[in-house]
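# Reading the structure
These are the residues of each chain, in order.
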Amino acid sequence: MPTHREHGRRGDEHRPAPWVRTRLRSARAAAALTAVLTFVTVLTVTALPRAADRGANSALATFVRDRGVKATSLHLTARPSPDTPAADLDSARDRLVGRITGDLPLTRDGEHHGTRALTDRAMLNDGYDRPGGMAPQLHLLYLQGLAGHATLTDGAWPGPAAPGEPLPIAVSRRAADTIGLRVGDTVDSGPAARARIVGLYRADDPHDRYWQELPCPERACLKTLDGGGVRWETAGFAAGDSRPALLAWGGGGEDFWRLPVDPHALRADRLAALRSGVGSYLAGPGAVLAAEATGRPDLTLTTLLPEVLAEATARHRATAPLAAIGPAGVAGVAAVVLCLAAALAADRRAAELRLLQARGGSRAGILLRLLGESAVTVLPAAAAATALALVLLPTPRWTAAVLAAAAGTLLAVLALPVRAAALLSRPRGTGGPPDGARWSGRRRAVGELLVLAVTGAAVAEVRRRGAAPPASGPDPLLVTAPLLVALSGGLLLARIQPPVVGRLAALARRGRGTIAFLGLARSARDSGGRHRPAVLPALALLLAVTTAGFGATLLDTVDGARLRAARTAVGGDAAVLVPQDAPLPEAFVTAADALPGVRASTGVRIERQTYLLGVGRLAEQVTLVVVEPRAYAEIARTVGTGAFDPAVLADATDPAVLADPADAAVLADAAPSGTAPSTAARPDVPVPALVSPGLAGKLTPGPQRLRTPGGELLATVVGTTDATPALPEAVREFVVVPVGAAAARLPELARPDNWFAVGDIDGDRLRPLFAARGLADASGLAGLLREEAREVSEEPGGIPDGYLVRTARETAAALAADPLQHSTVRLFRSAAVAGVAFALLAVLLTVLRASPDRAAVLARLRTMGLRPREGLALIVAETVPQTLAAVAGGAVVAAGAVALLGPAFDLSLLVGAPVGDRLVPRVLPVLLPTAGVALLVCAAVVLEAAVSGRRQIATELRAGDRR
């Protein structure tokens, strides 16, 4: 007899193997593919929110930093006390930082504090440079940390002031060389205001944020006074121990602290809290606590941060829909792919599941085992993908990413059990399976009608109210509406496609060949041979194409609107603007007209100090624009601003603007030799003029009198124009007259102070040309002013301040150089690529699932004489129509989504300038992604058929049909 131990061992040998382990061992390839699909899907849906957060935070930091330290700092001031030592300013700074840091992130970059004199004083010493006869001006300050940002070049740093002695100060070496200051000089600023220069320094970095907002700390500045005249100004710095003498020198003063906000610590999702914190310190509890912390009851805080943060918030909300549509589209396509993979797996195992149920397996038990099988496969891959996304894309906010990962994981775990439950729970009516199919079809129809109703309601609501009111995040309805439109389009396409393809198959049946008929007939049926719509593959393609087409249309519209806005702002494709007292040299105008790419160009004279006499009881100030009509009309037509017919400005005495060249020739021949072919020198002959509509309603009949700084001009109104390119933002009424007739009456009007052109004009050629020929040589005071203008100018190429050389291309690039827009566009394009990749995967899954059945059919047809080339054609005829129908449907749905939802999008903030453009359907932005997706999918289908078709057919021919 067997022993107890042997009996126990034999019982263990016959114990059933665990379900999950057995299934995974028997289908390792399927389990691995499921894990890989889960890993990629969860990684994508987790990474997109992280990438969006990183892009938004980085863009916010760049935007705030570019506003400058003045606009992004807290400026605090208080009355100083002569008895308070300089160390009290340091301790007050520490207490302020400790108090504010809990609410606002601060940085040491650009921080400074100290004491400034209340009054600036003139340096009356003989021998100092006095341009225009004005004595140079001195600003005195104590600035903590000066020695850490400057290098002493001569003398010594200032020390404490001795009683009755001049105040020791240090000035910059550049200012000393310009004004004529020397170490040891006693600066005379009045009987009780004397200072001695004891040292000269050089700023380590003149562009350091530490120096910003200080009055000329590292050089002498040439200031133009309101009443005319100019003078030098610079700053001098005293020691902290000399604060009482500093206050006495300036007749008082104030202590100041500048605390910059750290732009890199700002978060786009906390802009509302940040604005609230800043408001608290402007007028609220924060202001009271700051005053208590420093012991300064009169502490005053000012800042421009509320305006900066409000602009940043508006920009963030403007780009939020585009930033969310792309990831939402990817999430939708990924969800479809997971459901499709689960549906294909459940359909493949349908016979196995029904057999288990027929042998006594409960539905709940089968579903629990399938759930365990999915969990073991999905959870490790999802956890690894989530961890990888969190590590590779660090960002402070993790909630959205983790929730997206959890949703993707839950869908991946439940997709197979839910699909199996649908297979195992079909009702069994008296009629057998047909009743169950009829019931399933009714449920499907009800669900599709519900989706259509929800989509219609969402679109109607978005069109009714537009974007949602300002909130902390993007408008969910505006984001999901395109996806709902795509979903409805997919359901309609799935209903329409089988009968349409079936009809095409019936038409192909009448032809001589059989390949097209067989392919279309199989395309009109599912794997079970029924005319049933296949929703998921078509829906994946529709979502991908709709998202890509919708976003591409939005981006293309923004690019076009930005270029038009840039042209309007510039006044053409290129423009040169100079101060009115420095007209453009004729040599520059001639050379600029000859630049490559110039299609039309003209010099323009703008007289802003012009008065229209006889309007009511008083004269009205207007802007006079003197132009060459033909070229200016072409510029206006190209820009789309104030287009007019140049013939209306033709003067009967001006051959340059006569509409008929023959008339101009006759007039030129009739003119005396050596004279202009014009009788316009007579001041009583009016010139033709276009006026703004507001001005036209105020005029009396007859010629109008225009008084310019050079004299009077009579004008006859020949028409109106609502705008003119030379005045993109006209603040007053304007008058446009032809240069030939106007200059004949007032010769100074022939000297242009602006140049406008349209065409393909390169700013890198125009700018050096202007620097070489457009700037007249200047010496003396004019030369000093020109050099000062160069010093403070932000124009490249050494062009002085007040002179502008602009091109529409560069202006559009500047409008587009918004880091938030760049981040949003990158995110959307990445999401579009990911969506197309998932859609391609959905098509491949469908093709691979149908591959065995197709191989069996081809094997049978091979025995009937089907050639290999015809077999490939049959595969293409079967699969490509479905793909092309889905892609074309996506293009139609994308255009429809643009037409339905376009009015809800505000393009002005995306463009960077106020525009009136609306989002309307465009062919090319939708066609390009559609064609790209179609080519990719068709290529993938053909490649799969060419690679795997022959091998599967050969296997079928050897082994027969085993299904």
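Residues numbered from 1 in each chain as written. Predicted model: local features only at pLDDT ≥ 70, side-chain atom pairs only at ≥ 80, totals over all residues. Heavy atoms only, no water.

### Re the overall build of the protein chain
- Assigned secondary structure in the protein chain consists of 28 helices and 21 strands.
- Going through the 963 residues of the protein chain one by one, you find that 47% of them count as buried.
- Taking the intrachain contacts of the protein chain between residues at least 6 apart in sequence as the baseline, contacts between residues at least 24 apart amount to 81%.
- Entry remark: accessible area of the protein chain is about 45200 Å², with carbon and sulfur atoms responsible for 59%. (Helix = DSSP H or I, 4+ residues; strand = E, 2+ residues; numbered from the N terminus. Buried < 20%, exposed > 50% of the residue type's maximum accessible area, 1.4 Å probe, protein only. Contact = heavy atoms within 4.5 Å. Areas by Shrake-Rupley, 256 points an atom, 1.4 Å probe, with all protein chains shown as cover.)

### Details of the packing of helix α7 (residues 271-282) against helix α9 (residues 305-348)
- Contact geometry of α7 with α9 gives a least axis separation of 10 Å together with a crossing angle of 165°. It follows from the interaxial angle that α7 and α9 lie roughly antiparallel. Pair α7 / α9 crosses with left-handed handedness. Contacts between α7 and α9 involve Leu271, Leu274, Arg275, Val278 and Leu282 on the former and, on the latter, Leu305, Pro306, Leu309, Ala310, Ala312 and Thr313. (Axes fitted to C-alpha atoms, helices over the stretch in contact; angles between N-to-C directions. Parallel < 35°, antiparallel > 145°, perpendicular 65-115°, else oblique. Left-handed = near helix turned anticlockwise from the far one by under 90°.)

### Points about the packing of helix α3 (residues 28-66) against helix α12 (residues 399-424)
- One way to put it is that α3 packs onto α12 with a least axis distance of 8 Å and a crossing angle of 160°. In terms of orientation, α3 lies roughly antiparallel with respect to α12. Crossing geometry of α3 relative to α12 is assigned as right-handed. Seen from α3, the contacting residues are Thr38, Val42, Val45, Thr46, Pro49 and Arg50; seen from α12, they are Ala400, Ala401, Ala404, Ala405, Gly408, Thr409 and Ala412.
- The residue makeup of the contact of α3 with α12, split by class, is eight nonpolar, four polar and one charged. (Nonpolar A, V, L, I, M, F, W, Y, C, P; charged D, E, K, R; others polar.)

### Topic: the nonpolar core
- Among the nonpolar cores identified, the biggest contains 75 residues, and Val333, Leu541, Phe550, Leu554 and Phe905 are the most heavily contacted of them.
- If one sorts the elements of this core by residue count, helix α16 (residues 535-570) sits on top with 15 residues.
- In this view, Leu541 contacts Ala839, Val843, Thr883, Ala886, Val887, Val933 and Val937; residues no more than four positions away in its chain are not counted.
- Grouped together as the second largest cluster of nonpolar side chains are 56 residues, Leu60, Leu140, Ala175 and Leu274 included. (Core = buried A, V, L, I, M, F, W, Y, C linked by side-chain atoms within 4.5 Å.)

### Some remarks on the state of the cysteines
- Applying the stated criterion to the full structure yields one disulfide.
- In this model Cys216 forms its disulfide with Cys221; the gap between the sulfur atoms is 2.1 Å. Taking the torsion about the S-S bond as the criterion, the Cys216 to Cys221 disulfide, at about -130°, is left-handed.
- For Cys221, a relative accessible area of 7% translates into the label buried. (Disulfide = S-S within 2.5 Å.)

### Concerning the pattern of salt bridges
- One pass over the structure, following the stated rule, counts 31 salt bridges.
- Note that Asp269 is salt-bridged to Arg267, the shortest N-O span being 2.9 Å.
- Arg267 sits in the buried class, given a relative accessible area of 16%. (Salt bridge = Lys/Arg side-chain N within 4 Å of Asp/Glu carboxyl O.)

### Some words on the pairing of strand β11 (residues 253-260)
- The buried count for β11 comes to seven of eight residues, which makes it a mostly enclosed element.
- The sheet contact formed by strand β1 (residues 73-78) and β11 spans six bridges and is antiparallel. For Ser73, the partnering residue across the bridge sits in β11 and is Pro260.
- Here six bridges tie strand β2 (residues 112-117) to β11, and the two strands are oriented antiparallel to one another. Residue pairing in the sheet places His112 in a bridge with Arg258 of β11. (Pairing = 2+ DSSP bridges.)

### Quick word on the packing of aromatic side chains
- A full pass over the atoms with the stated rule returns seven aromatic pairs.
- Aromatic side chains Tyr632 and Phe644 sit 6.3 Å apart centroid to centroid with 40° between the ring planes, which places their arrangement in the tilted category. With Tyr632 in helix α18 (residues 629-639) and Phe644 in the loop between α18 and α19 (661-670), this pair connects stretches of sequence that are 12 residues apart.
- Note on Tyr632: relative accessible area 1%, which makes it buried.
- Owing to a relative accessible area of 14%, Phe644 belongs among the buried residues under this scheme.
- In textbook terms, an aromatic cluster arises when at least three aromatic residues are bridged by ring pairs, as seen for Trp157, Tyr201, Tyr210, Trp211 and Phe237.
- The cationic tip of Arg116 hangs over the ring face of Phe256; the distance from NZ or CZ to the ring centre is 4.1 Å.
- The ring of Trp249 has Arg121 sitting right over it, with the charged end atom 5.7 Å from the ring centre. (Phe/Tyr/Trp six-rings, centres within 6.5 Å; stacked < 30°, edge-to-face > 60°. Lys NZ or Arg CZ within 6 Å of the ring centre and 35° of its normal.)

### A few points about helix α11 (residues 363-392)
- Here α11 contains 30 residues, and its C-alpha end-to-end distance of 42 Å stays within 8% of the 44 Å for a straight helix at 1.5 Å per residue.
- At Val378, α11 shows its largest bend, some 30°, and a proline, Pro380, comes one to four positions later. (Expected span 1.5 Å × (residues − 1). Bend = angle between axes of the 7 residues up to and from the residue.)

### Regarding the pairing of strand β14 (residues 598-613)
- Pairing of β14 with strand β20 (residues 754-759) involves six bridges; the strand directions are antiparallel. What sits directly across from Ser601, in β20, is Ala757.
- Pairing analysis gives six bridges linking β14 to strand β15 (residues 620-627), with the strands arranged antiparallel. Within the sheet, the bridge partner assigned to Arg605 lies in β15 and is Val626.
- When β14 meets strand β17 (residues 704-708), the two strands line up antiparallel, connected through three bridges. What sits directly across from Tyr611, in β17, is Arg707.

### Thoughts on empty space enclosed by the protein
- The final tally for this structure, using the stated rule, is five cavities of 30 Å³ or more.
- The volume enclosed by the largest cavity comes to roughly 60 Å³.
- As for the largest cavity, its lining consists of Ala56, Ala59, Leu60, Ala268, Leu271, Ala312, Arg315, His316 and Leu820.
- Residue assignment for the lining of the largest cavity shows that the elements contributing at least two residues are α3 and α9. (1 Å grid on protein atoms, 1.4 Å probe; cavity = no way out; pocket = protein on both sides within 12 Å on 5 of 7 lines; lining within 4 Å. Points joined across faces, edges and corners; volume = space filled by probe spheres on them.)

### Comments concerning the side chain of Thr546
- When you line up the elements, Thr546 lands in helix α16.
- Since its relative accessible area comes to 2%, Thr546 is described here as buried.
- A distance of 2.7 Å separates a polar atom in the side chain of Thr546 from the backbone oxygen of Leu542.
- Residues contacting Thr546, with those up to four places away along its chain left out, are Pro482, Ala486, Gly890, Val893 and Ala894. (Polar contact = N/O pair within 3.5 Å; in protein donor to acceptor, adjacent residues only side chain to side chain.)

### Considering unusual backbone geometry
- Although it is not a glycine, Glu213 adopts a positive phi angle of roughly 80°.
- Structurally, Glu213 is set in the loop between β8 (194-203) and β9 (221-224).
- Unusually for a residue other than glycine, Cys216 sits at a positive phi of about 50°.
- With respect to the secondary-structure elements, Cys216 resides in the loop between β8 and β9.

### Some thoughts on helix α24 (residues 808-816)
- Turning to α24, its buried residues are Ala808, Thr811, Ala812, Leu815 and Ala816. For α24, the arc enclosing every buried residue in end-on projection is 135°, short of the 170-degree limit, so these residues lie on one face. (Arc of directions from axis to C-beta.)

### Concerning the confidence of the model for the protein chain
- The pLDDT averaged across the protein chain works out to 81; a share of 82% of its residues lies at or above 70.
- The low-confidence segment residues 428-433 (pLDDT under 50) makes three contacts with residues lying over four places distant or belonging to another chain.
- Per-residue pLDDT stays below 50 along residues 652-681; that stretch engages in 37 contacts with residues further than four places along the chain or on separate chains. (pLDDT = per-residue confidence, 0-100.)

### Comments concerning the environment of Leu924
- Note on placement: Leu924 falls in helix α28 (residues 923-959).
- The sequence separation of Leu924 and Asp556 amounts to 368 residues, and the corresponding C-alpha distance is 9.1 Å.

### With respect to the environment of Asp94
- Residue position: Asp94 is located in helix α4 (residues 87-100).
- Each C-alpha atom of the pair Asp94 and Ala293 lies 9.6 Å from the other, and the pair is 199 residues apart in sequence.
- A distance of 2.8 Å separates the side chain of Asp94 from the side chain of Arg93, its partner in a polar contact.

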